[in-house]
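Residue strings, one per chain:
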Amino acid sequence: MSSENRNPNLRLEAHPSYSVPCTRTDLVAALGKRRAKAVQQLYPAPMTRADLILERAIDEGHLMLLDGAWGPKRLPVDVAANFGLRLTDQVVSNGATRGIITQQEAEDVYVTIGRPYKSWAHICTPDTLRGHHQRRVFVLSEHPELFDLDTLWEIGYSEGDLSLGKGPDAFDIRTTAEIAARQIAAPFTDEQVEALRHWQQYDEPVRCKQDVCAATDPPALDVSKEGLICPTCGTTRSWAWRVMTEVA
Ligand SMILES: [Zn+2]
């Protein structure tokens with residue numbers, strides 16, 4: 001896949017730990033002598049500090065992953081591996097939709113889509129998670145402090161150069177901590193509903209972006225606890241920009 005498809009705004013390895021080598025001393029200090037030796041053999045290239053942070057997460061049994069709409073979530077290793085597999089398939093599927101690969105090529109590499117969970121449950125393992133990290137399905141966030149965390153993982157790119165972006169609005173925007181910290185997710189509080197209604201009435205209202213509505217005069221979305229809902233087509237958007245609730 002060509003690199004022209006890559007969005008230049010996506011900086012997958014911006015976290016400094018990707019450029020700092022992990023020494024054997026670091027590894028032994030973090031994992032103990034025996035584990036350090038075993039882990040080192042799993043990496044074909046010299047390990048970085050980022051790899052070490054992933055190994056620590058595997059050791060602890062979970063990693064903190066940023067969910068675009070809902071903020072950070074603590075996922076057990078098997079759940080994270082499962083999620084990474086689904087994401088990878090989603091990327092491949094997006095590629096087929098966009099004509100970058102054929103439908104047949106996509107179907108040939110799917111692990112989860114159209115296959116029973118039982119057939120791939122056994123690969124929801126630390127090994128798979130390691131593979132996700134090496135392919136940058138998950139990357140270290142540069143801004144864990146936005147959520148009062150020391151370490152936060154974000155969804156990066158996967159197979160080839162296809163974007164995994166699912167929001168906010170564009171296909172090619174990667175959901176980063178900087179963006180997510182500026183969003184709020186439904187269910188909204190009463191105060192948020194009130195502020196959002198005020199915004200929709202008196203400010204630049206958020207309008208429906210569905211093809212069916214956007215073609216003519218896109219309706220302003222209604223506000224409810226469950227999200228911003230289109231009065232015409234019923235599509236619900238489950239998040240809003242935080243700033244919409246912060247205007248006096
Ligand atoms: Zn609509």
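Cut-offs and rules
- Residues numbered from 1 in each chain as written.
- Predicted model: local features only at pLDDT ≥ 70, side-chain atom pairs only at ≥ 80, totals over all residues.
- Helix = DSSP H or I, 4+ residues; strand = E, 2+ residues; numbered from the N terminus.
- Expected span 1.5 Å × (residues − 1).
- Buried ≥ 20, exposed ≤ 12 C-beta atoms within 10 Å, placed from the backbone.
- Arc of directions from axis to C-beta.
- Contact = placed C-beta atoms within 7 Å.
- Pairing = 2+ DSSP bridges.

A. Geometry of helix 9 (residues 190-202). Here helix 9 spans 18 Å end to end across 13 residues, near enough to the 18 Å set by a 1.5 Å rise per residue. When we look at burial in helix 9, the residues that qualify are A195, L196 and W199. End-on view of helix 9: buried residues confined to an arc of 100°, all on one side of the axis. Seen from the open side of helix 9, the exposed residues pointing more than 90 degrees away from its buried face are D190, Q201 and Y202. Residues of helix 9 that are buried sit in contact with strand 6 (222-224) and strand 9 (239-241).

B. A look at the sheet that holds strand 6. Ordered by their spatial adjacency, three strands build an open sheet running 6-7-8, and the pairing between neighbours is antiparallel. Every other strand in the sheet has two partners, leaving strand 6 and strand 8 (236-237) as the edge strands with one partner each. Where strand 6 meets strand 7 (residues 227-229), three bridges bridge the pair, whose relative direction is antiparallel. Opposite D222, over in strand 7, you have I229 as the bridge partner.

C. Highlighting unusual backbone geometry. In this structure, P187 follows A186 across a cis peptide bond, with omega equal to 0°. Along the chain, P187 turns up in the loop between strand 5 (183-185) and helix 9. Even without glycine at this site, R136 takes up a positive phi of about 65°. Its location among the elements puts R136 in the loop between helix 7 (126-134) and strand 3 (138-140). Positioned with a positive phi, D148 is a non-glycine residue whose angle comes to about 60°. Residue placement: D148 occurs in the loop between strand 3 and strand 4 (153-155).

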